[in-house]
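# Reading the structure
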Amino acid sequence: MTKIVVLGAGIAGHVAASHLRRKLSREHEVVVVSPNGNYQWIPSNIWVGIGRMKPRDILFPLAPLYAKKHIDFKQAKAVSFHPEGDSQEIKPYILAEYVAGNENGTQEKVTYDYLINATGPKLNFEATEGLSPGKNKAHSVCTYTHAQEAWIALEGLIKQMKEGKKTRILIGTGHAKSTCQGAAFEYILNVEQELRRHKVRDMAEITWISNEYHLGDFGMDGMLLSYGSDIMKSKEMVEMIFEDRGIRWILGAGVHKVEDGVAHYETLDGEYKQESYDFAMLIPSFSGHGFKAYDKNGGDITDKLFKGFMIVDADYSPKPYEEWTVQDWPETYQNPSYANIFAPGIAFAPPHGISKPRKSKNGTDITPAPPRTGMPSGITAKLVADNIIGMIKNPNHDLHHKGSMGNMGAACIASAGFGMTKGSGISITTYPIVPDFKKYPDTHGRKLGKTFGTIGLAGHWLKLALHHAFLYKAKMKPFWWLIPE
Amino acid sequence: MTRRISKFKRFVMMNPIIQFFKFIYLSIKVLVIVAGGHGGTRNA
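Attention in this report is confined to the structure presented alongside it. Since the structure is predicted, the reported quantities are computational estimates derived from the model, not experimental observations.

The rules behind each value
- Residues numbered from 1 in each chain as written.
- Chains lettered and ligands numbered in written order.
- Predicted model: local features only at pLDDT ≥ 70, side-chain atom pairs only at ≥ 80, totals over all residues.
- Heavy atoms only, no water.
- Helix = DSSP H or I, 4+ residues; strand = E, 2+ residues; numbered from the N terminus.
- Buried < 20%, exposed > 50% of the residue type's maximum accessible area, 1.4 Å probe, protein only.
- Polar contact = N/O pair within 3.5 Å; in protein donor to acceptor, adjacent residues only side chain to side chain.
- Contact = heavy atoms within 4.5 Å.
- Buried area = accessible area lost by both parts, 1.4 Å probe.
- Salt bridge = Lys/Arg side-chain N within 4 Å of Asp/Glu carboxyl O.
- Nonpolar A, V, L, I, M, F, W, Y, C, P; charged D, E, K, R; others polar.
- Pairing = 2+ DSSP bridges.
- Right-handed = clockwise from strand over helix to strand, strands pointing away.

## Here we look at the environment of A:His401
Residues and elements named next belong to chain A. Here His401 shows up in the loop between helix H9 (375–393) and strand S26 (410–417). In this structure His401 comes out as partly exposed when scored by relative accessible area, which is 26%. When the C-alpha atoms of His401 and Ile388 are compared, they prove to be 9.8 Å apart, with 13 residues separating the residues in sequence. There is a polar contact of 3.5 Å between the side chain of His401 and the side chain of His400.

## Re the interface of chain B and chain A
On the side of chain A, 48 residues touch chain B, which itself brings 28 residues to the contact. Taken over both partners, the interface formed by chain B and chain A buries close to 3,200 Å², and the fraction arising from carbon and sulfur atoms is 62%. Interface area lost by chain B to chain A is led by B:Arg3, B:Ile33 and B:Arg42, which between them contribute 23%. Connecting chain B to chain A are five salt bridges. The tally of links from chain B across to chain A stands at 17 residue pairs in polar contact (both at pLDDT 80 or more). Top contributing element to the side of chain B that touches chain A by residue count: helix H2 (residues 16–34) of chain B, with 12 residues. When its residues are assigned to classes, the side of chain B that touches chain A shows 12 nonpolar, nine polar and seven charged.

## Details of the pairing of strand S1 (residues 3–7) of chain A
All names here are of chain A. Where burial is concerned, most of S1 is hidden: five out of the five residues are buried. Here S1 shows two buried faces, one formed by Lys3, Val5 and Leu7 and the other by Ile4 and Val6. With five bridges joining them, S1 and strand S2 (residues 29–33) adopt parallel strand pairing. Bridge pairing in S2 links Ile4 to Val30. Crossover S1 to S2 through helix H1 (residues 11–23) is right-handed. Pairing between S1 and strand S9 (residues 114–117): four bridges, direction parallel. Counterpart to Leu7 in the pairing with S9 is Asn117.

## Topic: the sheet that holds strand S8 (residues 107–111) of chain A
Two pairing modes exist for strands in a sheet, parallel and antiparallel, and in both the strands are linked by backbone hydrogen bonds. Read from one edge to the other, the open sheet built from four strands follows the order S8-S7-S6-S22 (chain A), with strand pairing classed as mixed. The sheet is open, and its two borders are formed by S8 and strand S22 (292–293) of chain A, each paired with just one other strand.

Shown next, in the form of C-alpha cells:
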C-alpha cells in the first residue's frame, strides 16, 4: 500500500488527486491537505468581479466529493516539511495544522510515501506598501472573495457615475515583479464593457498600469502570432484593442506604494510618479509560502527544498537573458534531493523569467514574473501523477512522462466582455509557452499557426464553455477524464 | 501607427452566425494545440 499526499486543492492539486484516485486501486491511499474547503475555478473570478457571476457559480465544496471518491481530505495548512521523518517518526511527513472543524488549531504529522506540493503561490500583498484587497480603494480578483468585494465597490462606483460623478479606474499589476497580467487584462476589458452596458462609459477614464515593457508581454516576452491572414505582434494586437476601447496605458511601472486612491510607481527611467483613482484592481506579486524543511535530526534543510518556490529538475544556475534556453525549464517537476517529492503548477521555482529582465535607472527590477497558471498547472499535475503511478507499479520507472513549458502549448481564452450576444473574447494560443529561439529563430521562438490570436463573440462562448466543462471535470462527473487539461 | 478595428471586422467579430462557425473552428483548433501533446526538451 502506498500513501500519496497532495498539498493544495487548486487546479494542480485537484487534477493530481483526481487522476491518482482514478488510476490507482483502493489499496493505495490518496490524501489531500488544503486549507481551502472549496474548489474554485479561478479563471472565472473576473466575472464575479463584474457581478455577472456569483461565487457559488464558480466553486463547490471539496469534502463531499472527496468522501464519495475515497480521497481522504484534511482541511489543514502545511506548517513544515520533514522529508526524512524525525527521531519519533521514521516515515517522511508534513506537519499540518487544521484550520476548520473540531480539530481546528491542532497539528498532525501527515506521513507519506510520495508528496505532491501543489500549494500554488502566496498572494504577496505585503510586498507593496498599502496594497490589501478592499483597502485604499484597491481590489483584487485573485480569489472569489476578493472578486466579490471588487464587484461591490465597482457597483457603488457605477451608481455614483449614474449620478454624474466623473471617475478614474486603474487596473493592472500592483508590484514591479507581478505576474498574471492576463487576469488583469481580462478584468479591464470586462469592466470597460460593463460601464458601456450601464451607459456610464463616458464618465470614467480607464487606465492600464503594468510592469510589462510592451503591451501584450503577459510575462511571456510577448508573441509573434497569426491573426487571420496577418502576422502581428501581441503588442500590436493589445494596442489595437485598447485603442478601440479607449483605454490608456502606463508601461514599465513598478507600483511600490498604494495610498487612499493613489498608486505610487517607479518607471524604467527611474522616475517616481503617481496615479490617482476611484477604483483600482491591482494584481499583487506572487511568492512562495515561506515553508521550512528539517532533516531527521531537526537540522534546517530548507535550501534543499525551496528557493522561494520548490526546487525541481530545472537548471537554476544564474545566466544572462541571452543564454537562457528551454532546456533550463523542468520536465518532471521532481525535487533533485528527494525523489518522492514533486511540485507541479505554480509551486515550482522557475529557473528564471521568460520576459527579458529590465531594471530601472535606480536598479529596481521591473519585469513580469513567468506565468504558470491554468493549463500548464493542470498538465504538469497530471504528468506528475502519471510518473508517481509508474514509480508505484515499477520501482525502476524512468519518469518518462515529461512536460517542459518549452515543449507545451497553452491557450489563453481571455474574456473581453460578458454576454451571449454582446460578449467578446480574445483567444490566444501559444506554442511553446517558453520561446525556443533555436527551434523557431525567425518567429520569436514560437511556431506560427500554433501561436495565433483572434477576437470576437466566439471567444466569449469558448471561455464560457470551458468554465462549464472544467467545473464538470473538477466535480469528477461521468467521463470527466476525457476532458483534457 | 496603431492598427484599428474596421467596421467590417467588427461586424464579423460580433455576427452570431459567423461566430458560431468560428466557435466550432476555434474549439477544434485549441483542442488540437493543447491536447496535441507535450514532452521534454533535453533529449530533443
